[in-house]
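# Observations on the model geometry
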Amino acid sequence: MLELLSLGIAVYLVLLLFIFIGVSKSNAANRNPLSVTVSVVVAARNEQQHIAACLESLVQQTYPREQLEILIVDDRSQDATVEIVQSYSSSHRNLRLIKISDLTSSNSKQNPQSLLASEQIHFEHRLPAKKYALTQGILASKGKIVFVTDADCIVPNCWVEEMLRYFDSETGMVVGPLAIRTSNATLLQTLIEIENYFKIILTKAGIENHFPLTAQGGSLAFRREIFQALGGFASIGHSLSGDDDLWLHQIHSRTSWKIRFANSPKIWVTTLPPTNWREFWRQHLRHFSASRYYPWQTKLFYLGWHLSNLMLFLSPLITLLWFPQFFWYTQLFLGLKLGADVILIWKGSQILNFPFSLKYFIPFELFYLFDNIVIGSLAHLVSVSWKE
């Protein structure tokens, strides 16, 4: 029993050290942003409550307007999303609306042989709704660098300009931080916010260690030529989710382009958390569903991380009931694990400039276990959908 516990704490601390080293690495932006044409693509479905704030933040970008286009792809919205986008496009010449309903009826009449190579890939490989919407936006875009965010996100006005500072001649993708914005947050939303900060730590650590773990679709930028060379999302079209993390893995494994994490506090994109447990459950099932298709090395990392974490939490109870002679050892190991977690999150908060308080630390630890062990496991067994 003691040997098993020792193995558990050893695995956990090794993986935690990997994360600590990665998040601690410096990653300075270039002095000047890359001067290039940019396309921002946003897929939206029934987003009338959020799309105006998103559009307002996009049209206020400091990047030169003549080099920036914004494409909003409406995926069959049944609310006022289209009307809101049209009201913005009428007064902003670099903002365009693309309606999937129009494209579907048009494409159904086309001969696949008449399509461009990259378009034909997506015609022949049926894609999930959001990937299809993003694909149509990217195919209709003209920029050399494609930016992607979500319709419920708000981007800072220097987002494009600052993200471009992380591109150089060898960089093919830049991943930015996505934060939760809360006001009068419930306990659930507070825990989601803390967990999201930890996900940002994992994102930076993986990228800096050249072992990408995850990414968030609210703040991504990549070269258009990569999208064309990889056939777009065709190779990850079997997953409903994954236009962020699976796309990150594809670029890492199938190209020689560098991937960078944008560390600037100026470019934190924000999004709203789920308002209740039902929304949270649906959203996280969808997010976790992509992990079915992670590279085996990434699966092995997360398996070791979550199983060792679970074992260290359950070991005091198990030993108290069946192996009381080891009870004090398990308390020592659990204390060591919790102390290491505090140091890691504190270090991440200093480097990434997010708030950290011990007030919700223990509830977060339990919440993190439930989310990743229970919901993460169920996501491999049940079907999920993008939007109702």
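A short tour of the structure in this document, coming up. (Residues numbered from 1 in each chain as written. Predicted model: local features only at pLDDT ≥ 70, side-chain atom pairs only at ≥ 80, totals over all residues. Heavy atoms only, no water.)

### Quick look at the sheet that holds strand β7 (residues 178-180)
Within a sheet, neighbouring strands are paired by backbone hydrogen bonds and run either parallel or antiparallel to one another. Our working rule: Two strands pair under a simple rule: DSSP has to find at least two bridges between them. For the purposes of this entry, the term helix denotes a DSSP run of H or I that reaches at least four residues, the term strand denotes a run of E that reaches at least two, and both are numbered from the N terminus.
Taken together, the three strands give an open sheet; going across it, the order is β5-β10-β7, and neighbouring strands pair in mixed fashion. Unpaired on one side and paired on the other, β5 (153-154) and β7 mark the two borders of the sheet. As judged from the two bridges shared by β5 and strand β10 (residues 269-271), these two strands associate in the antiparallel manner. Note that in β10 the partner of C153 across the bridge is T271.

### Some details on the environment of E208
For clarity, the cut-off: A simple rule labels every residue: compare its accessible area, found with a 1.4 Å probe on the protein chains alone, to the largest value its type can have, and call it buried under 20%, exposed over 50%, or partly exposed in between. For this analysis, residues touch if any pair of their heavy atoms sits within 4.5 Å. What qualifies as a polar contact is a pair of N or O atoms within 3.5 Å, subject to a donor-acceptor requirement within protein and to the restriction that residues adjacent in sequence count only when both atoms come from side chains.
Structurally, E208 is set in helix α8 (residues 187-208). By relative accessible area, which is 12% here, E208 ends up buried. Note: C-alpha distance between E208 and R260 (52 residues apart in sequence) is 7.3 Å. In this structure E208 touches G22, K25, S26, N27 and F261, once residues within four positions along its chain are discounted. Within the local environment of E208, its side chain forms a polar contact with the side chain of N27, the two groups lying 3.1 Å apart.

### Quick notes on the pattern of salt bridges
It is possible for side chains of opposite charge to pair when their charged atoms get near one another. Note the following rule: Each salt bridge in this description consists of a side-chain nitrogen of Lys or Arg and a carboxyl oxygen of Asp or Glu lying within 4 Å of one another.
Enumeration over the complete set of coordinates arrives at twelve salt bridges. One salt bridge connects E69 with R96, and the closest N-O pair in it is separated by 3.2 Å. Here E69, found in strand β2 (residues 68-74), pairs with R96, found in strand β3 (residues 95-99); they are 27 residues apart in sequence, far enough to count as distant. D341 serves as the salt-bridge partner of K337, at 2.4 Å between the closest nitrogen and oxygen. Taken together, the positions of K337 and D341, both in helix α13 (residues 327-352) and four residues apart, correspond to about one turn of that helix.

### Examining the environment of A205
Here A205 shows up in helix α8. Between the alpha carbons of A205 and F261 there is a distance of 9.1 Å; along the sequence they are 56 residues apart.

### Thoughts on the packing of helix α1 (residues 2-24) against α13
In plain terms, the rule: Geometry is summarised by axes, namely lines fitted to C-alpha atoms with helices restricted to the contacting stretch, and by angles between N-to-C directions that run from 0 to 180 degrees. Each angle receives one of four descriptions, namely roughly parallel if under 35 degrees, roughly antiparallel if over 145, roughly perpendicular if within 65 to 115, and oblique otherwise. Gly is placed with the polar residues, together with every amino acid not listed as nonpolar (Ala, Val, Leu, Ile, Met, Phe, Trp, Tyr, Cys and Pro) or charged (Asp, Glu, Lys and Arg).
Their axes nearest at 10 Å, the elements α1 and α13 cross at an angle of 5°. In terms of axis orientation, α1 runs roughly parallel to α13. Split by residue class, the contact of α1 with α13 holds 17 nonpolar, four polar and three charged.

### Thoughts on the nonpolar core
We apply this condition: Here, nonpolar core means buried Ala, Val, Leu, Ile, Met, Phe, Trp, Tyr and Cys residues that are tied together by side-chain atoms lying within 4.5 Å of each other.
By size, the foremost hydrophobic cluster in this structure holds 77 residues, and its most contacted members are M173, V175, F198, F222, W247 and L352. Ranked by the residues each element gives to this core, the list is headed by α8, at eleven residues. With near-sequence residues (within four places) excluded, W247 lies in contact with M173, F222, I226, F227, L230, G232, F233, I236 and G242. Among the nonpolar cores identified, the runner-up in size contains 36 residues, and V59, I72, F147 and Y166 belong to it.

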